[in-house]
Amino acid sequence: MMPNKLRLLLIALLAAFSCRTEEEKFVTEKPDENRFTKITLIEKLDEPMELEVLEDGRVIFTERKGKLRMYEPTTGIAKDIGFLPVYFEAEDGLLGLAKDPGFKDNHWIYLYYSPIGEKSINRLSRFTLVEDILDMGSEKIMLEIPHFRGCCHSGGSLEFDAKGNLFLSLGDDSTPFESDNYNPIDERPGRPENVDAQRSSANSNDLRGSILRITPRPDGSYTIPDGNLFPVGTPNTRPEIYVMGNRNPFRISVDQKTGTLYWGEVGPDAQEDSLRRGPRGHDEINQAKGPGFFGWPYFVGNNKPYWHYNFETKESEFEYDPKAPVNNSPNNTGVNILPPAQPAFIWYPYADSEEFPMLGSGGRNAMAGPVYYHDMFPKTEVKFPKYYDGKLFVYDWMRNWIFTVTLDENQDLDTLERFMPSTVFDKPVDMQFGPDGSLYILEYGTYWSAQNDDSGIYKIEFSAGNRKPIAKAAADKTQGAAPLSVNFDSEKSFDFDEGDSLLYQWDFEGTGKNMSTGQEASHTYSQPGVYKAKLTVKDKEGLESSAEVEIAVGNEPPQIDIQWTGNKSFYFGKGPIDYQVTVTDREDGDGNNGVLEPTSARLTWDYLPEGFDKIESGLGHQQPTLSAFSVGEGLIVKSGCNACHGVDNVSIGPSYTQVALKYEDKTDAKNYLMQKITAGGGGVWGERQMPSHSHIAQTDIGHMVDYVLSLSPKYQSNISNQIPPSGSLILDRHDGSNGKGVYLFTASFQDKGATGIKPILRQEQITLRNPLILAADADEFVGTAKANFRDSRLVKFTENKSYLVFRDIDLTGLKELVLALDPNRKTGWFELRLGGVDGRILAKSQVISNDSRPKNSQEKWFDITMKMEPSFDQGDLYLVFHTETGVDIWGSFLLHTVRFKN
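What you see is a predicted model, and the numbers here were worked out from it, not measured in a lab.

The rules we used
Residues numbered from 1 in each chain as written. Predicted model: local features only at pLDDT ≥ 70, side-chain atom pairs only at ≥ 80, totals over all residues. Heavy atoms only, no water. Helix = DSSP H or I, 4+ residues; strand = E, 2+ residues; numbered from the N terminus. Pairing = 2+ DSSP bridges. Buried < 20%, exposed > 50% of the residue type's maximum accessible area, 1.4 Å probe, protein only. Contact = heavy atoms within 4.5 Å. Polar contact = N/O pair within 3.5 Å; in protein donor to acceptor, adjacent residues only side chain to side chain. pLDDT = per-residue confidence, 0-100.

1. Some thoughts on unusual backbone geometry
Next, step 1: A cis amide bond links Trp-296 to the next residue, Pro-297, at an omega of 5°.
Next, step 2: Of the consecutive residues Ala-482 and Pro-483, the connecting peptide bond is found in the cis state with omega at -5°.
Next, step 3: Note that Pro-483 resides in the loop between strand E32 (479–480) and strand E33 (484–489).
Next, step 4: One non-glycine residue, Asn-303, adopts positive backbone phi at about 65°.
Next, step 5: Topologically, Asn-303 is positioned in the loop between strand E19 (299–300) and strand E20 (304–305).

Right, here's the structure in full:
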């Protein structure tokens, strides 16, 4: 028998053990990005603006042209539940949406929109949903705000706080272009009213340029809550104003625990600080713990002051004082003495920010998202962890990033962290935590004022335990004539949880009829058409994800063959290089095995003194390989210009094709368009103004214009860089360059399409660069560190078998590899391998040490030559370092340059 004391102790231990709960993960430890899954709910929306997630997971959202829609998770589709006839030019339309705090019982929603008709107004109204349909007869008009139609800055975001107060953001309704993108304060009589933001943002008696706070009543009216900026009855003021001095507060949020208001402020476009006008443009994330004046149009950023500029005399008269701002504009109907200006919470210009360098540079469009509270959501498997408790989510529509802001005990800024940095977000325009604690994101898509295929509603779920598998589908062919046999594989699918077994299911036509299982599958498409082949991957616990591959059947892609004498990666001397290009196309060919006339392909020959970045051209299934379709197109993508222009679709500005056709007969078109892009302006394509792009290098603007003009067939024949289908090329433009220049040979051809399948564009490109390469410019680094030396850079090899990778190198004619290095009192040797660290050895150096240095050499670097095995292969080269004496980060082998010699 067990002694009573021992038995009681054992019982107590078992009871204690059984009551223990598993320690919660990710309270202070930041979770890896792979614990978040971005799930596509629906895509291809038409200018989505704001969303509301209901308790049952349905999502109501607005589209700017007037549609109110509802996404239903049970069906995976969105249905139209209402339509408002709206004026949707410029920045107007159906803009704001909020559901009433009592929506579950009263089914009320609030919409901010631009009603069609003679009156130039925007309107806030309450509506009732009856059986999920917008009852137009239920409209209760709450506010009507004058707006200068056809211009700028409507705002329109709606949010409730936890006390039932409704916030509405309103833009300044003022054009930035008449004031050179500085502060619009043109007080001259007879001018259009929208050139002076002092009549709106700095006017206590005007609602524009403010964020309002009101308390809706059941009868459709509203009252004013205590604590707004101006008490009820204050002369020359509007009591609805909570904060004023805003330019374009496009997206707002309210902390549901503290009541603190946040908003993203879209700032002006001035590229440079002006000594007598004021600061360059900044976007802002703003925080209001209480009511206040936030500076516009007298201050920007952290209260950087503008000057009072007299547009009549062209003189700057005085600099505004943030402690005592005064509005003496004749267009002001409010008080003259304004409250002290509040500085921005976070601010950043086009260029790198000194205060917030992590936010990057380039186009900008700041927006504010929600503050997350872990205890406001029930225990679910997908809610965000406690690590994000109390953090503010902010995002940028242009830069496509999301950051979290950690606040201290006083709600002041502590730290900024990038959220899911390797995940693609396409112009996020609204976000909200759903009832399960997951994050819903509304993405607008690439082009402004357009229906974008990459727009949609997405849901980000978190997993502390088992994670969903990631489905990755690939096909050996995505285009071709019927019948088309396609081999599919799921090789890149994976699961973050070690040991998880996966099941694979293929739906070849997206109909649920032609199915298969396994990691690999094949299917023959017998009829022309565009098919969505779907792969579903499921783990052993039943979690699954899907991926699609689009297969276009009915048009065989054209083939471009380039006959080229010499190396296809590097230039040596001045040539000549002989070439010949042949194009074959199954449908368009003349019957001679599909061979087309030699002149059918478009060939260009360019030299770029500074090189270029290869950027995906965005041709979708028409271009299955990554390459730069053209230098100009790559620069357009990189600069963000495609947010305002499309190749064929009109956005804020005209399509590139429209521009090309308009200027195809003008001999000075290139110079004119370069000046236009640099200086900015408007009037050619309507009232919309294009901001200055003086921050972009003139050579880059020139390449961008060349690309745009090349979209005109007539202009193409006049392009100076166009060359015939065969001939010889002289390489005579790199003398005296800094070694960064490249020659570009591009051959492109677009067929005519067939059997209802769109035309297919194919392009082949040869890029020749200087054979002398900085080691620090390699494509991949493993076990190494980069460092600076005088005016150059070097690579440190910090461990045995560390290596560099040079991608896609043509070995034709290469005989030697010369390394400029410094052993740095270490000993080792190099191997050059093809295709991997264990690939075929192409060259091997001697053992190198300080004794290898030439006698009497006073230079830091000396050369080591490696003889290369003759080869006609093309592939990735691995330069692998070996040592038997050891290296470390403090005493490492140093490499400066790599030179390929023929």
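2. Considering the sheet that holds strand E35 (residues 515–517)
Next, step 1: Spatially, 5 strands are ordered E32-E38-E37-E34-E35 in an open sheet, and the strand pairing comes out mixed. Strands at the two margins of the open sheet, each flanked by one partner only, are E32 and E35.
Next, step 2: As paired elements, strand E34 (residues 502–507) and E35 share 3 bridges and run antiparallel to each other. Paired with Trp-506 across the bridge in E35 is Ser-516.

3. Concerning the environment of Glu-55
Next, step 1: Along the chain, Glu-55 falls in the loop between strand E2 (48–53) and strand E3 (59–63).
Next, step 2: Since its relative accessible area comes to 62%, Glu-55 is described here as exposed.

4. Structural notes on the environment of Asp-507
Next, step 1: When you line up the elements, Asp-507 lands in strand E34.
Next, step 2: Excluding its chain neighbours within four sequence positions, the residues that come into contact with Asp-507 are Gly-512, Lys-513, Asn-514, Met-515, Lys-532, Ala-533 and Lys-534.
Next, step 3: A polar contact of 3.1 Å, which involves the side chain of Asp-507, links it to the backbone nitrogen of Gly-510.

5. So, the confidence of the model for the protein
Next, step 1: Scored by pLDDT, the protein comes out at a mean of 89, with 90% of its residues at no less than 70.
Next, step 2: When the criterion is pLDDT under 50, residues 15–21 qualifies, and its contacts beyond four places in sequence or with other chains add up to 0 contacts.
Next, step 3: Segment residues 613–629: pLDDT under 50, and 39 contacts once partners within four positions in sequence are set aside and those in other chains are kept.

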